[in-house]
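Observations on chain architecture
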Amino acid sequence: MTIQEKISIMTLEEKASLCSGVDFWHSQPIERLGIPALMLSDGPHGLRKQDDKADHLGVNESIKAVCFPNSCATAASFDRDAVRQIGEAIGDTCQNQQVAVALGPAVNIKRSPLCGRNFEYFSEDPFLAAQLTQSYIRGLQSRHIAASVKHFAANSQEHRRMSSDSVVDERTLREIYFPAFEAAVREGKTKTVMCSYNKLNGTFASQNPWLLTRVLRDEWGFDGYVVSDWGATSDRVKALEAGMDLEMPSSAGENDKKIVEAVRAGLLDEAVLDRAVERILRVHEDYLENARPDTPWDMEAQHALARRVAAECMVLLKNEGGLLPLAEGEDIAVIGLFAKKPRYQGGGSSHINSFRVSSLMDALDGLGGVRYAQGYDIDSEEPDEAMISEAVELARRARSAVIVAGLPDSFESEGYDRSHLRMPACQNELIERVAAVNSRVTVVLYNGSPVEMPWLDRVSAVIEGYLGGQAVGEATRDVLFGLVNPSGRLPESFPMRLEDSSCFLSYGGEGNRAEYREGVFVGYRYYDKKKTQLLFPFGWGLSYTRFAYGALRLDKNSMKDTDTLRVSVDVTNTGSRAGKEVVQLYVADCESSVFRPLRELKGFEKVSLAPGETKTVHFELDKRAFAYWHSELGDWYVESGEFRVQICANSREVLLEAPVRVEGTVRLPVTYTMDSIVVDLMADPRAARIMASLGPLTGALPPAAADEGLQSEVSTAAISPEMMAAMLRYSPLRSLVAFSGGAMSFEDLEKLLALLNSDAGEGEEKA
Ligand code: BGC
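Residues numbered from 1 in each chain as written. Predicted model: local features only at pLDDT ≥ 70, side-chain atom pairs only at ≥ 80, totals over all residues. Heavy atoms only, no water.

**Let's talk about the site of the ligand**
The line we're drawing: A cutoff of 4 Å decides nearness: a residue is near a molecule or strand if any of its heavy atoms lies inside that distance of it. N or O atoms within 3.5 Å of each other form a polar contact, as long as, within protein, one can give a hydrogen and the other can take it, and as long as residues adjacent in sequence are counted only when both atoms are side-chain atoms. Surface exposure here means Shrake-Rupley accessible area, sampled with a 1.4 Å probe, where a residue is shielded only by the protein chains that are shown. In the scheme used here, Gly and all other residues not listed as nonpolar or charged are polar, with Ala, Val, Leu, Ile, Met, Phe, Trp, Tyr, Cys and Pro taken as nonpolar and Asp, Glu, Lys and Arg as charged.
Residues in contact with the ligand amount to 15 residues; listed here are only the nearest, Asp42, His56, Arg117, His151 and Asp229. Interatomic distance of 3.3 Å between a side-chain N/O atom of Arg48 and an oxygen atom of the ligand. At a separation of 3.2 Å, an oxygen atom of the ligand approaches a polar side-chain atom of Arg161. Considering the ligand on its own, with 310 Å² of exposed area, one finds that the protein chains cover 100% of that surface. Looking at the shell around the ligand residue by residue, the class counts come to five nonpolar, three polar and seven charged.

Okay, structure coming up:
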């Protein structure tokens, strides 16, 4: 029986029941129609499958599984392939465990370093987030497991997460908060989308027709189903109409009844219900047709993958005097509880019950010269003098010290935000005191989001390990000792102080109202324009080798916005070790009539290079690389002019650049009125030509002419020529009548406006 046929013989009650779960993790079955209950489970860093006691906060145990590096870490890999492999591994796991939908990836933008759930998200940059999102989904769905990209949309805080209203202008949504979801749909072909708890511009995401239907389906072409975040449904009927198909978890039939009543009362078109049922069944049928419960789940192989990827993610932040890599066998003091009990994942719904966890000390087992001191406790922030003294003594006698530190679980989690960027005082003091007795100190950090580093100048090396998954200990060893050459790059800026962050003044909101006042200036887009001093910029990361770039080549230096620009650049490993470089391409708009960031990431490639080897890296840039979202036009828009294509070491450091002139091919719909001002007319070549053709009447209007004509009359006193010129530039057209000394009437002005607004000359390009 086809899905359509099944729907045609379902009762109204049966249809409504299919639009919510039967319990916490399963869809509703209808036995008489051969529709089984299917399981949905978290994601995104491994499988969190709960067998008996269910909850969405990671409270109760789930089955043993493999915990991969969290997204904060995988984003630092800048490695699409690594992320795809994790998706594939989780897909295999789901097949083996008969889970049809894996709830992830979580792709919200890191608006503030305070968001408690940043560890689960990729980046502050929409391009990076979008690229990795589609890789993950492709990997997962290649195994016929549906992804559920979450949390749609503008869910960048945990504070009041179920009631807050994200107030965001459309340009900011389109440029910053939507691209990862858009890529999930357009490129990743995600089969499900999870809507977020929060409201967006006054309407709950779960019942927002603009979000769930206009943008998601009509514009991006989404054809799967939308599932609510667990408990995100407020008005079930409105939600169904808006395009939220499946409510999770079960409302114990309460909301199903409301759907039935609404249809019976003629308040809800039954076709809307049929549509939702069809979408759900279509996605589930795809799983059923491709279910392979005999797929092997090789946990050992997945652990090895988790180790490889974790090492790929580590960011070498500092390496003064080439302290790292350490030599095996040298006397090393390994200090810090995290060296024995690593923090390797975040808390909440993504929490995995790892089948094994490797610590750095486990990984160093058997290596001579290694001694350990705990240094701090995790339950208290207070420095413990005895523990610190023990660590200091150990470090004093050792050739080098490695301190493994970071954030305790309680400092960042789903459900609440951080209130500061500090590490526990006991860890900061430990690092200072150890650094005072040993000049070869490396700090390894395990944390899900940026921290302040008051001790940075006193230590030689720092590795940002993020939350590296269950094999983090082995990966840390691999990087510390140079078995793996670090190649991670920061997927977010590390500010010096919380107060420097772009949304510091309004993050969290007033009551339930969270206004995204900084607009598109999120992360480096803000810091770089403001020239804010940072601990480390977006894209930062060192290597044990060196790279040099050859010439930057553009296949053209002028193009239309409908063309594709091909860019290539040579990169050479000039050091003596094999290594990987992340080639970062940014686009800068040299001049713009709207506020734009200094530069924006529009391409990246990770290349592996043997010593002395050179590779050519290729990029293709299309309209989106140059465009901004034009709210009145309701589309992407390229303003004609010069852009610069920049190859950067990070968002702050331009290595190579080349100009390209891009002509926008879309003419903006403008209507001039009597109140339109001179400067805007002069900026529009067609209008400027018409104005010029009027001759002496408007001779005084262009700034240059105005300056000339007025020079003689203007005394040195209160009114400067600059002021007069400015007054004319910003004068409305209606001033022509007054200034022309009777030469122009309002009737003439109406004719002029008709000419300016006529379509004559339509199709001419903007110069
Ligand atoms: C989280 C989701 C998660 C769901 C199910 C919610 O609290 O926000 O990310 O998938 O619970 O556990």
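**Brief notes about the environment of Leu394**
Here is the rule: Under the scheme used here, helices are H or I runs from DSSP no shorter than 4 residues and strands are E runs no shorter than 2 residues, and both carry numbers assigned from the N terminus. Categorising residues by exposure relies on relative accessible area from a 1.4 Å probe, with only protein chains included: less than 20% of the type maximum marks a residue as buried, more than 50% marks it as exposed, and the intermediate range marks it as partly exposed. For this analysis, residues touch if any pair of their heavy atoms sits within 4.5 Å.
Within the fold, Leu394 resides in helix H14 (residues 385–397). By relative accessible area, which is 11% here, Leu394 ends up buried. Residues contacting Leu394, with those up to four places away along its chain left out, are Ala333, Val334, Arg371, Tyr372 and Ala373.

**Some points on the sheet that holds strand E28 (residues 641–650)**
Put simply, the test is: In short, DSSP must find at least two bridges between two strands for them to pair. The axes are straight lines fitted to the C-alpha atoms, using for helices just the contacting stretch, and the angles between their N-to-C directions are given from 0 to 180°.
With respect to topology, five strands assemble into an open sheet ordered E21-E29-E28-E23-E24, the strand pairing being mixed. In the strand order of this sheet, the two ends are held by strand E21 (558–560) and strand E24 (600–609), each with one partner. Sheet twist, expressed as the average angle between the axes of neighbouring strands with direction ignored, equals 30°. Relative to E24, strand E23 (residues 579–589) runs antiparallel, the two being bridged by nine bridges. By the bridge assignment for E24, Gly579 is matched with Leu609.

**Section: the domain arrangement of the protein**
Note the cut-off: For the purposes of this description, domain bounds are those given by an automatic or database domain assignment. Buried area: the accessible surface (1.4 Å probe) lost by two parts on joining, summed over both. Should a side-chain nitrogen of Lys or Arg be within 4 Å of a carboxyl oxygen of Asp or Glu, the pair is scored as a salt bridge.
The domain architecture assigned to the protein consists of domain 1 (301–535), domain 2 (547–663) and domain 3 (678–766). Taking the mean C-alpha position of each, domain 1 and domain 2 sit 31 Å from one another. Each partner contributes to the interface: domain 1 provides 15 residues, whereas domain 2 provides 18 residues. Counting each side, the surface lost to burial between domain 1 and domain 2 is near 1,400 Å², with a carbon and sulfur contribution of 43%. Of all residues in domain 1, Arg489, Tyr524 and Asp528 give up the largest surface area on contact with domain 2, accounting jointly for 36% of the area buried on that side. Linking domain 1 with domain 2 are five salt bridges. At the surface where domain 1 touches domain 2, the tally comes to 13 residue pairs in polar contact (both at pLDDT 80 or more). If you tally residues by element for the side of domain 1 that touches domain 2, the top one is helix H17 (residues 524–530), at five residues.

**Describing the side chain of Gln302**
Within the secondary structure, Gln302 sits in helix H12 (residues 299–313). Setting aside its immediate chain neighbours within four residues, Gln302 contacts Val66, Phe68, Ala89, Thr93 and Trp297.

**Notes on the side chain of Thr74**
Here Thr74 lies in helix H3 (residues 71–77). On the basis of relative accessibility, which here comes to 4%, the residue Thr74 falls in the buried class. Not counting chain neighbours up to four residues away, the residues in contact with Thr74 comprise Pro69, Val83, Ile86, Phe122, Leu132, Val309 and Cys313.

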